[in-house]
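Here is what each chain is made of, one letter per residue.
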Amino acid sequence: MDTLIRDLAFAFRTLKRQPAFALTAVLTIGLGIGATTAIFSVVNAVVLRPLPYNDAARLGTVWADLRNRNVVDFPISPGDFFDLRTVLTQFDGVAGVNTFRPTIGGDGRGDAEQVSGAGATTNIFTLLGHRIHVGRGFVEEDGTPQPAPPPPAAGAAPAAQAGPETPPLPNIAVLSFEFWQRRYGGDDSIVGTTIELGNGRADIVGVLAPGFELLFPPGTDVEPRPDIVVANRVNYETGSRNNVFLRVIARLTPGVSFEQAQSELDRLSADLRGRFPIKETANANFRIEPMHADLVADVRPQLAALMGAVVFVLLIACANVANLLLVRASARERELAVRAAMGGSRWRLVRQLVAESLVLATFGGLVGLWLAQFGLDALIQLAPEALPRATAVSLDGTVLAFTAAAALVAALIFGVAPAWRASRPNVMDVLRSSGRLVGGGSGRWLRDGAVVAEVALAFVLLVGSGLMIRTFIALQNTHPGFDANGVLTFIIQNNRAQGPEAQQTFKRTTLERLKALPGVVDATVAGPLPLDGVNSLARYGPLEAATDPAKFQQAIVHFVQPGYFEMTRTPMAAGRAFGDEDNRPEARVMIIDDLLAAKLFPSGQAVGQRMLARVTTDEPQTFEVIGVSRHQRHTTMMDDGREGMFFPDGYANFGPAFRWAVRTNGDPNALAAAVRSAIAQQDARLLLTEVRPWQDYLDEAIAPTRFALILIAVFAGVAAVLAMIGLYGVLATTVRQRTTEIGVRMAFGASGHSILKLVIGQGLRLSLAGIVLGLVAAAALTRIMASLLVGVTATDPATYATMAVLFTIVATFAAWVPARRAAALNPNVALRDE
């Protein structure tokens, strides 16, 4: 240890005498380590860090798959949940949750506001192992189903049939710690009180410990950090098998594997298919996934691509520092030869040179941590909402250990080979040289090899960047099927209209008020709007599906007001849009998009046809198709997604259409104040929530692609600059070491132009060798990006060719600077100096 400390101290003093070299090396390696540390921080928080639950390795998410309808990750009905909870023996417990966004008020602690809420089975906290901070958690009685209304008396008059009403049981709720602090200031007295929640009331019985999360994969419409959790009062034993809304978490019995649990689920699935024909025709199956793996499955390819990119940047930085060390070793040949002549062993010289690399890597690691801290802030700002656990990203102990390991590995990568090469000086030649550099080719193959490697790695990143640019352009040019420009969207909460007629009046009056606002072009209300994150599937099929249920499929369903297609500027491919005469409960009309029309009516004539759909009823109903719209991208911009069908809001008693949209010719954000004022004039108790431009939802849909594009492009740019600096350094060193040779060539008549071609040719040979290696590597490595690409393949020839030409041009410029210096040499001065 003493020897190591002395070596490190001597290395520090040696580097201190060459501050320019040390600073360049430290900043170069710090840039590579900083980028790698920042991305690893994300990978650590999202992929590597265990879930914040007790014994999380035994937790799994349970899904229903309708394989004959190409539906996966389907929610589970109360009736099916009852079987999961009571029949299976491989599970220690099964819990179900669903989330929603109610308003909260009436507690005297603040204005009414929209919060994130969750409904759950009473065992949710014990299953996840989350503690209670104040009060209590749920007990089984909190989930007692609401009493059923009394049956009508035989022969009783209609007015007397209902009998005395049984008052509903109160909802039982627990607050999150963070919401308790924000709204109630951490006041314990809120426990035991009753608050207004949505259109009902809830008794607050406890406050959760900090950090409660419901972690489900993106796209499952689960609020990860609910402000308030309510015990669901559902009779699971007699519950519906068609009303699917529960997301299910299961804990395996100790010693049971996920494969064993899946086998038991397969047996239960087969039993249910035998008992319920609709499950047989849909080929319904339960599937369990390890909870952590399920959470990150969609983002893992993106993070793997980013981690690979920064590792390449770090390797390029190491190659650059290795080149700097090789050049420095050439300048220190006399010093090393003297030390060898005085008895210094090769191991002693290697150890000393590696110690210098360790000092550089240590300071580079510290600089990298500093850069990573700034990088994390930018990463969190850029991160898409679909990135799970993004708020947990930090420089924790694991990240610090990774940074230390990365610095050590980097020191070995860029330090050992130059040290090994420099530790073999030709003592006699060096000492006779009287200070001249005798090693014109000393370490040249290492320097050239490092440049080739840098170019190859940078070229792979450039190809990846090019593919992401092509994807982003394709997404930007993809028409979503509607026009979101200039549209402000929002939800109106606290609507107290009761019954279909009152709801119809409220929506008609509200639309009239909105359309009368200055600057408003049009307005509508729908449930949901495309890409707003709320998805609902419904069953559809031809008339023959009534006797052959296997012909049913699933589609995205929207409830809309008349004027929806005109306001959203969704073209009609055939037929007509909804009119006021269609917007009534007894209407049996629908509009389908062209994707569904092509599937169900391949002859091309869909308008006027009749088909089946199960939307709000237990059994499918017959509807007439009155129009075919152009397809709207409902859930993603990456592909067409699932087909869609539209129903008048009045068909479902004017309830499902909940998201309002107002079009203006100007900035939609500037319209928000006028909209709030108009709604408040209608009813001061109404609350507007989620007020935002529709364009925001489109931006969020492409946010993961933009996130990957920006980071890979930045890494590719840094890599290209480092590679060009490396190429420049090698050629500049070569010119300096070949000064005598160049002087002789020019003395014998060689022109400056020929010298220029000589040096540039050497640079292009190194670059082309790296590009060829990079082409092979890119063809193999960019395949992991396939799931991130749209409109382009991972081996797109145009992208590869474009990046090869671009890189060659940049490499030519990097070689031109030292080549120009060589061409400008005065042969007399060059020969006299030598």
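Reference entry: report on the structure contained in this document. It should be emphasised that the depicted structure is a prediction, and the values quoted were computed from it without experimental measurement.

1. A look at the overall build of the protein
When helices and strands are tallied, the protein shows 25 helices and 24 strands. Classification of the 834 residues of the protein by burial places 52% in the buried group. A fraction of 82% describes how many contacts in the protein between residues 6 or more apart in sequence connect residues 24 or more apart. Carbon together with sulfur atoms contributes 58% to the accessible area of the protein, which is approximately 35,900 Å² in total.

2. Description of the environment of valine 229
Take valine 229: it is sitting in strand E11 (residues 228–231). Valine 229 sits in the buried class, given a relative accessible area of 3%. Apart from the residues within four sequence positions on either side, valine 229 is in contact with Ala118, Ala120, Phe125, Phe138, Ile172, Ala173, Val174, Leu208 and Phe212.

3. Some details on the side chain of threonine 37
Looking at where threonine 37 falls in the secondary structure, it is placed in helix H2 (residues 19–48). What makes threonine 37 buried here is its relative accessible area of 0%. Not counting chain neighbours up to four residues away, the residues in contact with threonine 37 comprise Leu369, Ala372, Leu395, Val399, Phe402 and Thr403.

4. Quick word on the packing of helix H16 (residues 500–515) against helix H19 (residues 672–682)
Between H16 and H19, whose axes approach to 10 Å, the crossing angle comes to 140°. Here H19 runs oblique to H16, going by the angle between their axes. Along this stretch, H16 crosses H19, giving a crossing that reads as right-handed. Each of Phe506, Thr509, Thr510, Arg513 and Leu514 in H16 lies in contact with H19, whose residues at this interface are Val675, Ala678, Ile679, Gln681 and Gln682. Taken together, the residues of the contact of H16 with H19 break down into five nonpolar, four polar and one charged.

5. Thoughts on helix H7 (residues 258–275)
Relative to the 26 Å expected for 18 residues at 1.5 Å per residue, H7 spans 26 Å between its end C-alpha atoms, a close match to the ideal helical length. Buried residues of H7: Phe258, Ala261, Gln262, Glu264, Leu265, Leu268, Ser269, Leu272 and Arg273, and no others. Among the structural elements, strand E1 (59–66), helix H3 (78–87), strand E3 (91–100), strand E12 (247–252), helix H8 (277–282) and strand E13 (284–290) are those in contact with the buried residues of H7.

6. Examining a nonpolar patch on the surface
Together, Val311, Leu315, Val409 and Ile413 make up a nonpolar patch on the protein surface, roughly 280 Å² of accessible area in all. Contributing elements (two or more residues each) for the nonpolar patch: helix H10 (300–331) and helix H13 (397–422). Tracing the backbone shows isoleucine 413 in helix H13. Judged by its relative accessible area of 40%, isoleucine 413 is partly exposed.

7. Considerations on the nonpolar core
The biggest cluster of nonpolar side chains holds 156 residues, and the ones touching the most others in it are Ile124 and Phe414. With 16 residues, helix H21 (residues 703–737) is the single largest residue contributor to this core. Sequence-distant contacts of isoleucine 124, that is, excluding residues within four places in its chain, are made with Ala95, Val97, Phe138, Leu214 and Ile249.

8. Quick notes on the pattern of salt bridges
Between side chains of opposite charge, a pair can form when the charged atoms approach closely. Following the criterion strictly, the structure yields 35 salt bridges and no others. Here glutamate 690 makes a salt bridge to arginine 101, at a shortest N to O gap of 3.2 Å. Taken together, the residues glutamate 690 in strand E24 (residues 687–693) and arginine 101 in the loop between E3 and strand E4 (103–105) connect sequence positions 589 residues apart. Its relative accessible area of 24% is what places glutamate 690 among the partly exposed residues. Exposure remark for arginine 101: the relative accessible area of 35% places this residue in the partly exposed category.

Parameters at a glance
Residues numbered from 1 in each chain as written. Predicted model: local features only at pLDDT ≥ 70, side-chain atom pairs only at ≥ 80, totals over all residues. Heavy atoms only, no water. Helix = DSSP H or I, 4+ residues; strand = E, 2+ residues; numbered from the N terminus. Buried < 20%, exposed > 50% of the residue type's maximum accessible area, 1.4 Å probe, protein only. Contact = heavy atoms within 4.5 Å. Areas by Shrake-Rupley, 256 points an atom, 1.4 Å probe, with all protein chains shown as cover. Axes fitted to C-alpha atoms, helices over the stretch in contact; angles between N-to-C directions. Parallel < 35°, antiparallel > 145°, perpendicular 65-115°, else oblique. Left-handed = near helix turned anticlockwise from the far one by under 90°. Nonpolar A, V, L, I, M, F, W, Y, C, P; charged D, E, K, R; others polar. Expected span 1.5 Å × (residues − 1). Patch = residues over 30% accessible without salt bridge, like charges linked within 9 Å, V, L, I, M, F, W, Y side chains within 5 Å. Salt bridge = Lys/Arg side-chain N within 4 Å of Asp/Glu carboxyl O. Core = buried A, V, L, I, M, F, W, Y, C linked by side-chain atoms within 4.5 Å.

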